[in-house]
Amino acid sequence: MTICVFGASSKQMSDEYIKLIEDMGEYLAAKGHDLVFGSGCTGAMGAAARGFRRGGGKTHGVVPKFFREEGLTDFVDYSCDKMTYTDTMNERKQTMEDEADCFVIAPGGIGTFEEFYEVLTLKQLGRHKKPIAVYNIGGYFDSMLATIDTAIEHHLAKPALHGLYKATTSLDEMLEYLTEDTMQGIELSDLK
């Protein structure tokens, strides 16, 4: 299975998060899975890639050409087994979404929030049925997940939306969900 990890590229990410994300990558790779990601060498992206390599997994980095053209190369992991260069950020994200069998959302900033909400929205609209695991280290995503609860409380989203993703800190629970998710029998009609 190819797992897309969305997460920060920040060089200021705490060592605690870095270690846990590296361990996650190693764990998932040791179970026979590979990584597709935004080809960052720092932050959550770099940690995930290092972990997948340590666990014997293959890495596919996807990066916009303008990173190279504008000298942003010190953020790019060029040691991937496969590299794909895209024209735009949207194409980058689309490539990762297409290549992935499932998604792991690791701690990140605005870009990571946007990536989570996009794959969740696409799943809600029936464009894919891929599992979405939120790696909620230290409760990092509690506020983001509370936003979904608020939308449900205000009748702007259906409670069934909770069945389209799983927030966890357990790697065993994450892997079980990623490999066995059935969307709890949710149909598109349950979300409208």
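Bear in mind that the values here come from a model prediction, so they are computed numbers and not experimental data.

(A) Local environment of the pattern of salt bridges. Inspection of every chain in the model, using the stated rule, returns 11 salt bridges. Here D23 and K19 are joined by a salt bridge, their closest N and O atoms 2.7 Å apart. Here D23 and its partner K19 are both found in helix α1 (residues 15-30), 4 residues apart, which amounts to about one turn of the helix. Under the relative-accessibility criterion, D23 is labelled partly exposed at 25%. The partner of R50 in a salt bridge is E22, and the shortest N-O contact between them spans 2.7 Å. Here the residue R50 occupies a position in helix α2 (residues 43-54), and E22 occupies one in helix α1, the gap between them amounting to 28 residues. A relative accessible area of 34% places R50 in the partly exposed class. Look at the salt bridges and you will find they share partners, linking K19, E22, D23, E26, R50 and R54 into a network.

Cut-offs used in this document
Residues numbered from 1 in each chain as written. Predicted model: local features only at pLDDT ≥ 70, side-chain atom pairs only at ≥ 80, totals over all residues. Heavy atoms only, no water. Salt bridge = Lys/Arg side-chain N within 4 Å of Asp/Glu carboxyl O. Helix = DSSP H or I, 4+ residues; strand = E, 2+ residues; numbered from the N terminus. Buried < 20%, exposed > 50% of the residue type's maximum accessible area, 1.4 Å probe, protein only.

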